[in-house]
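Overview (structure and organization)
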Amino acid sequence: MFYMDYIKDKLITKGRPQAEIVKRIQKEYGDSVIQETTLGQVFSGMKGVVSLLTCTSKLDPDEGIRFRGYSIPELREKLPKLSEDGEPLPEGLFYLMLLGELPNDEDVKFLSDSWAKRAQDIPQHAFDVINALPKSSHPMIQFNSAILAMSTESHFRRAYLAGMDKRDYWDPMYEGVMDLISRLPVIAAYIYRRVFHDEKYIDPDPSLDWAGNLAHMMGFESEEVKRLMRLYMVIHADHEGGNVSAHATHLVGSALSNPYYSFSAGMNGLAGPLHGMANQNVMHWLQRLMDELGTDAPTTEQVREYAKATLDSGRVIPGYGHAVLRKTDPRFAVQLDFANKYIPEAPLIKLVKKIYDVVPDILTETGKVKNPWPNVDAISGSLLSSYGITEYPVYTMLFGVSRALGVLTQLIWDRLYGLPIERPKSQNLEWFKDKVGFKE
Ligand SMILES: CC(=O)SCCNC(=O)CCNC(=O)[C@H](O)C(C)(C)COP(=O)(O)OP(=O)(O)OC[C@H]1O[C@@H](n2cnc3c(N)ncnc32)[C@H](O)[C@@H]1OP(=O)(O)O
Ligand SMILES: O=C([O-])CC(=O)C(=O)O
């Protein structure tokens, strides 16, 4: 057993009975049919196939994400903040996802302090690995290389090799997850300053909260940027279990890979243009539009033509569409609210709104896009950029720092539940043809 803090104590008190339920339900109801699966679902990326047990958050196609039952507007109201007009602290969301209950100010302070302390012990070789890469390599390459390099510190790997009882795996997993989450902002800020600010690094300030400290280490001292960073870190944290980064983390973790290996797998998925990298691609798409038209305030007709040209050339419009959502993403809506409140005149925000007016109709006209509405990525980069974080290539990395909160919390719960290795069945094309009676 590792050092017992009160959060761990609460976790195991809640976790043991839940683990018992998982075992019992599997034993008593293992043969119950819960769903039928169509060939269309398999061939369209397993959409709608219920095949994962995830407790941290749940996605409704119309309402969007709820974290342990709480929507984003509810979180903004109920989670601890540093000031009345501030945004909720990501520490509080982590607490909620881990324990299923709302934290108080002391809980959040405990996590801020604990993460600040754990962030001090990053092994030098994690920075050496980053420095060995060309600065021109994408920040996600540098970020993920550092994550893998830090796996030398894995408590889980050591405990496993030492022959730990499998019922206790959650414990070193918790320790590794806490270390990893605490260290990601330091790594991300280091990469940002290395690539874009002449290697002029800024030391962490342990008196700051986790997201505030990230803004500080990146070189942004204003309360406004810190507030935005807290919001960004909260809204990107989790999107139930089936999205690529969450699923990849869970899948690799199911082989009892340590949290660093598991999270690294998730980050490789986040770096794909249809997932987290869409936030950077939105900015390229907007930039090209402004360059081609020579204005940051195009007309409706100009945006329509530009969007149509994108579709005609066989590309997707980044920031629009979703595999599950069927309405405007509430994460888009909350960022738009934020922008309307604080920076309504920012040219990029006006452009985002113009695109929102035009693109859904164009996507609907294709007759095939299931969700023509904007997702989180349609605005996040424009918001960051309007606040001075103008370097697009770091946006997915910032998304990754936030995503750690949800997917790594779930990894602790995976080990608490005692979930086995994941191994779905695959079949070749002949099998599917036979199954449905397909004739050539
Ligand atoms: C944090 C996140 O990961 S949010 C998502 C970020 N990704 C993006 O914004 C990229 C743009 N969006 C997309 O590519 C898609 O909407 C995805 C990847 C998000 C979802 O994909 P799917 O679930 O397969 O979407 P859907 O079932 O609606 O796709 C049907 C067709 O519409 C197309 N389509 C979907 N969204 C778009 C779009 N934004 N622009 C153009 N075409 C689109 C698909 O490419 C597909 O075309 P095809 O039949 O010729 O292959
Ligand atoms: O849910 C998804 O598939 C993609 C997404 O929006 C996320 O992971 O945040």
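Per an unreviewed UniProt entry, the chain goes by the name citrate synthase (unknown stereospecificity) and belongs to Marinilabilia salmonicolor. Under the Sequence similarities (unreviewed entry) heading, UniProt states for the chain: "Belongs to the citrate synthase family."

**Considering the site of ligand 1**
Taken together, 21 residues form the shell around ligand 1, and within it His275, Gly319, Tyr320, Lys368 and Lys370 come nearest. Between Gly319 and ligand 1, the recorded distance is 2.8 Å, taken from a backbone N or O atom to an oxygen atom. Summarising the interface, the protein chains cover 75% of the accessible area of ligand 1, which totals 910 Å² for the free molecule. Classifying every residue of the shell around ligand 1 by side-chain character gives 12 nonpolar, 5 polar and 4 charged.

**Concerning the packing of helix H17 (residues 347-365) against helix H18 (residues 377-386)**
The contact between H17 and H18 brings their axes to 8 Å, and the two run at 165 degrees. By the angle between their directions, the pair H17 and H18 is classed as roughly antiparallel. In the packing of H17 onto H18, the handedness of the crossing is left-handed. Facing H17, whose interface residues are Leu348, Ile349 and Val352, H18 presents Ala378, Ile379, Ser382, Leu383, Ser385 and Ser386.

**Let's talk about the pattern of salt bridges**
Counting across every chain of the model gives 26 salt bridges. Arg66 serves as the salt-bridge partner of Glu63, at 3.5 Å between the closest nitrogen and oxygen. The class for Glu63 is exposed, based on a relative accessible area of 51%. We note a salt bridge from Arg167 to Asp165, for which the minimum N-O separation is 2.6 Å. Classification of Arg167 as exposed rests on a relative accessible area of 59%. Each member of the salt-bridge network shares a partner with another, and the members are Lys8, Arg118, Asp171, Glu175, Asp179 and Arg183.

**Quick notes on the sheet that holds strand E1 (residues 57-60)**
Strand order across the open sheet formed by 3 strands is E1-E2-E3, with antiparallel pairing between neighbours. Bordering the open sheet on either side are E1 and strand E3 (70-71), each of which pairs with just one other strand. Strand direction decides the pairing type here: strand E2 (residues 64-67) and E3, joined by 2 bridges, are antiparallel. The partner of Arg66 across the bridge, within E3, is Ser71.

**Quick look at the side chain of Arg194**
Here Arg194 lies in helix H9 (residues 170-196). No salt bridge is formed by the buried Arg194; its nearest oppositely charged neighbour, Glu199, is found at 5.3 Å. Not counting chain neighbours up to four residues away, the residues in contact with Arg194 comprise Ile130, Asn131, Leu133, Pro134, Lys135, Gln142, Glu199 and Tyr201.

**What about the pairing of E2?**
Pairing geometry for E1 and E2, over 4 bridges, is antiparallel. Bridge pairing links Ser57 to Phe67 in E2. If you look at the hairpin formed by E1 and E2, you'll find 3 residues sitting between the two strands. Where E2 hands over to E3, the hairpin turn is made up of 2 residues, of which Arg68 adopts a positive phi near 45 degrees.

**Let's talk about the environment of Leu53**
Relative to the elements of secondary structure, Leu53 occurs in the loop between helix H2 (39-43) and E1. Judged by its relative accessible area of 39%, Leu53 falls in the partly exposed class. When the C-alpha positions of Leu53 and Ala116 are compared, they lie 31 Å apart, and in sequence the two are 63 residues distant. Contact partners of Leu53, with chain neighbours within four places excluded, come to Val22, Gln410, Asp414, Tyr417 and Leu419.

**Here we look at the nonpolar core**
Core analysis: the biggest nonpolar cluster contains 123 residues, and Phe143 and Ile187 have the highest contact counts within it. The element contributing the most residues to this core is H9, with 15 residues. Excluding its chain neighbours within four sequence positions, the residues that come into contact with Ile187 are Ile122, Ala126, Phe127, Ile130, Phe143, Ala146 and Met150.

**A short note on the packing of aromatic side chains**
Under the definition given, this model contains 17 aromatic pairs. Judged by centre distance (6.1 Å) and plane angle (55 degrees), the rings of Phe338 and Tyr387 are tilted. Taken together, the residues Phe338 in helix H16 (residues 330-342) and Tyr387 in the loop between H18 and helix H19 (395-417) connect sequence positions 49 residues apart. The burial state of Phe338 is the same as that of Tyr387; both residues are buried. Ring centres of Trp431 and Phe432 lie 5.0 Å apart, and the angle between their planes is 85 degrees; on these two criteria the pair is classed as edge-to-face. Among the residues examined, Trp431 registers a relative accessible area of 34% and is labelled partly exposed. Judged by its relative accessible area of 15%, Phe432 is buried. An aromatic cluster is defined as three or more aromatic residues linked by ring pairs; in this entry it consists of Phe43, Trp431 and Phe432. Of note, Arg227 hangs over the ring of Tyr342, and the distance from its end group to the ring centre comes to 3.9 Å.

**Re helix H14 (residues 278-293)**
Residues that lie three or four places apart on an α-helix share one face, since the helix turns once every 3.6 residues. Between its first and last C-alpha, H14 extends 22 Å over 16 residues, near the 22 Å set by a 1.5 Å rise per residue. Residues of H14 that are buried: Ala278, Asn279, Gln280, Val282, Met283, Trp285, Leu286, Leu289 and Met290. Of the surrounding secondary structure, the elements contacted by the buried residues of H14 are helix H11 (223-235), helix H15 (300-312), H17, H18 and H19.

**Observations regarding the site of ligand 2**
Neighbouring ligand 2 are His239, Asn243, His275, His322, Arg331 and Arg403. In this structure, His239 approaches ligand 2 through a side-chain N or O atom, which is 2.8 Å from an oxygen atom. Within the contact set of ligand 2, an oxygen atom lies 2.6 Å away from a side-chain nitrogen or oxygen of Arg403. The fraction of the free accessible surface of ligand 2 (270 Å²) that becomes covered by protein chains is 85%. Looking at the shell around ligand 2 residue by residue, the class counts come to no nonpolar, 4 polar and 2 charged.

Thresholds applied
- Residues numbered from 1 in each chain as written.
- Chains lettered and ligands numbered in written order.
- Predicted model: local features only at pLDDT ≥ 70, side-chain atom pairs only at ≥ 80, totals over all residues.
- Heavy atoms only, no water.
- UniProt positions renumbered as here; feature names shortened; annotations may be inferred.
- Near = heavy atom within 4 Å.
- Polar contact = N/O pair within 3.5 Å; in protein donor to acceptor, adjacent residues only side chain to side chain.
- Areas by Shrake-Rupley, 256 points an atom, 1.4 Å probe, with all protein chains shown as cover.
- Nonpolar A, V, L, I, M, F, W, Y, C, P; charged D, E, K, R; others polar.
- Axes fitted to C-alpha atoms, helices over the stretch in contact; angles between N-to-C directions.
- Helix = DSSP H or I, 4+ residues; strand = E, 2+ residues; numbered from the N terminus.
- Parallel < 35°, antiparallel > 145°, perpendicular 65-115°, else oblique.
- Left-handed = near helix turned anticlockwise from the far one by under 90°.
- Contact = heavy atoms within 4.5 Å.
- Salt bridge = Lys/Arg side-chain N within 4 Å of Asp/Glu carboxyl O.
- Buried < 20%, exposed > 50% of the residue type's maximum accessible area, 1.4 Å probe, protein only.
- Pairing = 2+ DSSP bridges.
- Lys, Arg positive; Asp, Glu negative; His and termini not counted.
- Core = buried A, V, L, I, M, F, W, Y, C linked by side-chain atoms within 4.5 Å.
- Phe/Tyr/Trp six-rings, centres within 6.5 Å; stacked < 30°, edge-to-face > 60°.
- Lys NZ or Arg CZ within 6 Å of the ring centre and 35° of its normal.
- Expected span 1.5 Å × (residues − 1).

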